[in-house]
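Examination of the molecular architecture
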Amino acid sequence: MSYLVLARKYRSRDFESLVGQEHVVQALSNALTQQRLHHAYLFTGTRGVGKTSVSRILAKALNCTGADGQGGITAHPCGVCDACRDIDAGRFVDYVELDAASNRGVDEISQLLDQSVYKPVMGRFKVYMIDEVHMLSTTAFNAMLKTLEEPPEYLKFVLATTDPQKVPPTVLSRCLQFNLRPMAPQTVLEHLGTVLGAEQITAEPGALRLLARAARGSMRDALSLTDQAIAFGAGALTEAGVRQMLGAVDRTHAVRLINALAQGQGAEVVAAVNDLRGLGLSATGTLEEMAVLLQQMAVVQAVPDALDANDPDSAAAVRLSGRLPADDTQLLYSIVLHGRAELALAPDEYSGLVMVLLRMLAFRPPGAAAPAPSRPAEAPPPAPVAAPAAAMAPAPVPAPAPVEAAAPPVPRESVRPAAVAPAPSARVAPRSSEPPAWLDEQPFDGEGAGGSAISLEDAEAAAEASVVAPVARRPLPADKPAPVHVPTDLGTRWNDVVMQLCAAGAISALAREMAMQAQCLAVETLDGTPVWRLRVEREMLRSPALRDKVQAALAEFLKQPVRLEVEGGGTATDTPAQRAAAERLRRQAEAEQIIHNDPLVQTLMQQFKTARIVPGSVKFH
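Conventions used here
Residues numbered from 1 in each chain as written. Predicted model: local features only at pLDDT ≥ 70, side-chain atom pairs only at ≥ 80, totals over all residues. Heavy atoms only, no water. 1 Å grid on protein atoms, 1.4 Å probe; cavity = no way out; pocket = protein on both sides within 12 Å on 5 of 7 lines; lining within 4 Å. Points joined across faces, edges and corners; volume = space filled by probe spheres on them. Helix = DSSP H or I, 4+ residues; strand = E, 2+ residues; numbered from the N terminus. Nonpolar A, V, L, I, M, F, W, Y, C, P; charged D, E, K, R; others polar. Contact = heavy atoms within 4.5 Å. Buried < 20%, exposed > 50% of the residue type's maximum accessible area, 1.4 Å probe, protein only. Core = buried A, V, L, I, M, F, W, Y, C linked by side-chain atoms within 4.5 Å. Axes fitted to C-alpha atoms, helices over the stretch in contact; angles between N-to-C directions. Parallel < 35°, antiparallel > 145°, perpendicular 65-115°, else oblique. Left-handed = near helix turned anticlockwise from the far one by under 90°. Pairing = 2+ DSSP bridges. Polar contact = N/O pair within 3.5 Å; in protein donor to acceptor, adjacent residues only side chain to side chain. Expected span 1.5 Å × (residues − 1). Right-handed = clockwise from strand over helix to strand, strands pointing away.

Take the layout of surface pockets next. Once rolled over the atoms, a probe with the size of a water molecule shows which space is left empty. Roughly 810 Å³ of volume is contained in the largest pocket. Along its surface, the largest pocket is lined by 28 residues, and Pro185, Arg213, Val292, Gln296 and Asp311 are the ones closest to its centre. Those elements that place two or more of their residues in the lining of the largest pocket are helix H8 (185-198), helix H9 (205-214), helix H14 (283-302) and helix H16 (326-342). Of the residues forming the lining of the largest pocket, the biggest block, six residues, is contributed by H14. Taken together, the residues of the lining of the largest pocket break down into 14 nonpolar, six polar and eight charged.

Take His191: it is sitting in helix H8. When sequence neighbours within four positions are dropped, the list of residues in contact with His191 reads Val19 and Met219.

Once that is clear, we can look at unusual backbone geometry. Unusually for a residue other than glycine, Arg216 sits at a positive phi of about 55°. On the secondary structure map, Arg216 appears in the loop between H9 and helix H10 (219-232). Here the phi dihedral of Ala509 falls at roughly 55°; this positive angle occurs in a residue that is not glycine. Look at Ala509 and you get exposed, because its relative accessible area is 64%.

Moving on to the nonpolar core. The nonpolar side chains of soluble globular proteins are, as a tendency, buried together. Within the largest apolar cluster, 34 residues are counted, with the highest numbers of intra-cluster contacts made by Ile258, Met290, Leu293, Met297, Leu357 and Met360. Listed by contribution, the elements that provide at least two residues to this core are helix H12 (251-263), helix H13 (266-279), H14, helix H15 (314-321), H16 and helix H17 (349-362). Contacts of Leu357, omitting those with residues within four sequence positions, involve Leu257, Leu261, Val269, Val273 and Met290. Judged by nonpolar contacts, the second largest core, of 31 residues, contains Val25, Ala61, Phe92 and Tyr95.

What follows deals with the packing of helix H19 (residues 489-503) against helix H20 (residues 509-516). Interaxial distance between H19 and H20 falls to 10 Å at its minimum, and their mutual angle equals 165°. By the angle between their axes, H19 is roughly antiparallel relative to H20. Relative to H20, the crossing made by H19 is left-handed. Residue-level inspection shows Trp494, Val498, Met499 and Cys502 of H19 in contact with H20, the latter providing Arg512, Ala515 and Met516. Classifying every residue of the contact of H19 with H20 gives six nonpolar, no polar and one charged.

In a beta sheet, neighbouring strands are held together by backbone hydrogen bonds and run either parallel or antiparallel to one another. Strand order in this open sheet of three strands is S6-S7-S8, and the pairing throughout is mixed. Both edges of this open sheet fall to strand S6 (518-526) and strand S8 (563-567), since each of them pairs with a single strand only. Sheet twist, expressed as the mean angle between neighbouring strand axes with direction ignored, is 20°. For S6 and strand S7 (residues 529-536), the ladder comprises eight bridges, and the chain directions are antiparallel. Across the sheet, the residue bridging to Ala522 is Arg533, located in S7. Set on the sheet, helix H21 (residues 544-558) makes contact with S7 and S8; between it and S8 the angle comes to about 145°.

What follows deals with the packing of H14 against H15. Between H14 and H15, the shortest axis-to-axis distance is 8 Å and the interhelical angle comes to 65°. Every pair of crossing elements has a handedness; the one defined by H14 and H15 is right-handed. Two secondary-structure elements touch here, H14 through Leu293, Gln296, Met297, Val300 and Gln301 and H15 through Ala316, Ala317, Val318, Leu320 and Ser321. Of the residues in the contact of H14 with H15, the class split is seven nonpolar, three polar and no charged.

Turning to the environment of Arg13, a few remarks are in order. Within the secondary structure, Arg13 sits in the loop between helix H1 (6-9) and helix H2 (22-33). Taking the relative accessible area as the measure of exposure, Arg13 reaches 37% and is therefore partly exposed. Along the backbone, Arg13 and Ile57 are 44 residues apart, and their C-alpha atoms lie at a distance of 6.1 Å. In this structure Arg13 touches Arg8, Ile57, Lys60 and Asp88, once residues within four positions along its chain are discounted. Polar side-chain contacts of Arg13 include one of 3.1 Å to the backbone oxygen of Arg11.

Turning to the side chain of Thr44, a few remarks are in order. Within the secondary structure, Thr44 is located in strand S1 (residues 40-44). A distance of 3.1 Å separates a polar atom in the side chain of Thr44 from a polar atom in the side chain of Asn179. Once you skip the residues sitting within four places of it in the chain, Thr44 turns out to touch Lys51, Thr161, Pro164, Gln177, Phe178, Asn179 and Leu180.

Let us look at the pairing of strand S2 (residues 95-99). As paired strands, S2 and strand S3 (residues 126-131) are joined by five bridges and run parallel to one another. Following the sheet pairing, Tyr95 is matched in S3 by Val127.

Before going further, it helps to spend a moment on helix H6 (residues 138-149). With twelve residues, H6 should cover 16 Å at 1.5 Å per step; its first-to-last C-alpha distance of 17 Å lies within 8% of that length. For H6, the full list of buried residues reads Ala140, Phe141, Met144, Leu145, Thr147 and Leu148. Next to the buried residues of H6 lie S1, helix H5 (106-114), S3, strand S4 (155-161) and helix H7 (169-172).

Attention now moves to the environment of Val242. Along the chain, Val242 falls in helix H11 (residues 239-246). Contact partners of Val242, with chain neighbours within four places excluded, come to Ala207, Leu210, Leu211 and Ala229.

Here we come to the pairing of S3. Burial of S3 is extensive: five of the six residues sit out of reach of the surface. Viewed along the sheet, the connection from S2 through H5 into S3 turns out right-handed. One ladder, built from five bridges, connects S3 with S4; its direction is parallel. Paired with Lys126 across the two strands is Leu155, which belongs to S4. At this point the chain moves from S3, through H6, to the parallel S4, and the crossover so formed is right-handed.

Structure (structure tokens):
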């Protein structure tokens, strides 16, 4: 008899033996007990968490007849009746499993749905299980929507997927959705112990911990790796053998590196990497083990008694957690995670590992010695001295962020005396951030242009004058030249026609774009049929299909047959699109002028010297 792999031999055959999915088991068991059955179920989750197993158990629960052949729908299938045994063996005629990854077309789905009109041959229900349903094509989904929503009373759909985001919402809304969660390492470890006990295979606890962690939440992966480890160890599972098989890095290497980082020992860090290279251990595995250790350290720092005391790896995490503050632990953990993605970009993985570790060392955790500078440090620039403000001056506005280059100030007329207006200052500094448009000048500091302080009476007189005197603001920027260079009567006629066609919804999408970008060159009558000659610059808009759509809409609008002739070459100078752009520019300039002429705006701009209207903030409606 051929060997049956552990993943198949120990597949769950009832809800009681399903591991790690108690929330799904409870919901389905209650529904079966109360006979509240839905017609479509969707099981989602990563690989190897039990989606197909749940589907088969559900099919057995719906079709089980009991050991005496008199049973009905139950949450506890007997496992010995014909239906239960045939479903486990994969030969039950009324239970169909379809792999959508290789049968994704509409023909396969249509063939399956054609069989749904026939009642079950042997069982109580027909159950269609479609695995990796997100792989179905759009037409295949559309073909099954109606049957999925209102199937015959004897038909149940079970859909499974690892990527529910790719399933159309129209399908999701027709199904009861259950998310099967990845399993915790401790859950996997306990189940592996049960399986190996049944197989009478000895295993070291450290070996089971490595397998449970390497499975990453997938019970099928855990059982497959266990099969491989049994073969590797010739029937015995040792921690050293499993670590060698997985290429995992021993915890001692991670402890050594983090201890060196905590003490700032750069030479020890480089030496540890060289030892890893000599042993042929993976750089990725090293960072992964460091991430696990740092995560445990962070847990200990937050909740001291949270780790399992029986786990031998916990002792190192507890010991190291006292050597780094919590914020440094979080920082190192973040660097490790990002560093794993950078290893593929490095010349070789060990040089990449060195750079990740040196990056951690550069932050110098507490206890590390500062590296000796290679050259004398430059003296810091002197701090700027703030100018004294007049005693009665208002609180100064914060100075603007430095800009890259000094530009000449925009000339402005002011009704204040020349002695009151401060001279604008300019500075040159590397760009750090753009200052707001209203902070491009120094705030008024109570001194005149010549640096002499002004009296309170002068300031009050200047303020009063600034309220009553007319304001001469800088002129508005010249309007951009309108894109309509040569307005024509034909252009006006064509523009009116196009606007009416658009308003009536007679043209849309690319046909509308073609009409908007066209210039009317002539309207002639040939053999009693009006011929409109248009110039369209863009080649893609000159297609016959678009021309025919616009021609049909124009004929319907004019209530007579017409013919459009579309040509390229030259530049279109009077199109509806250009006229619309010119109108937008005109309305924008008009709105900006209204704001500039507003008395309240002028008063505010007089009272606050650095105030201005932010360009682009005025919008017309």
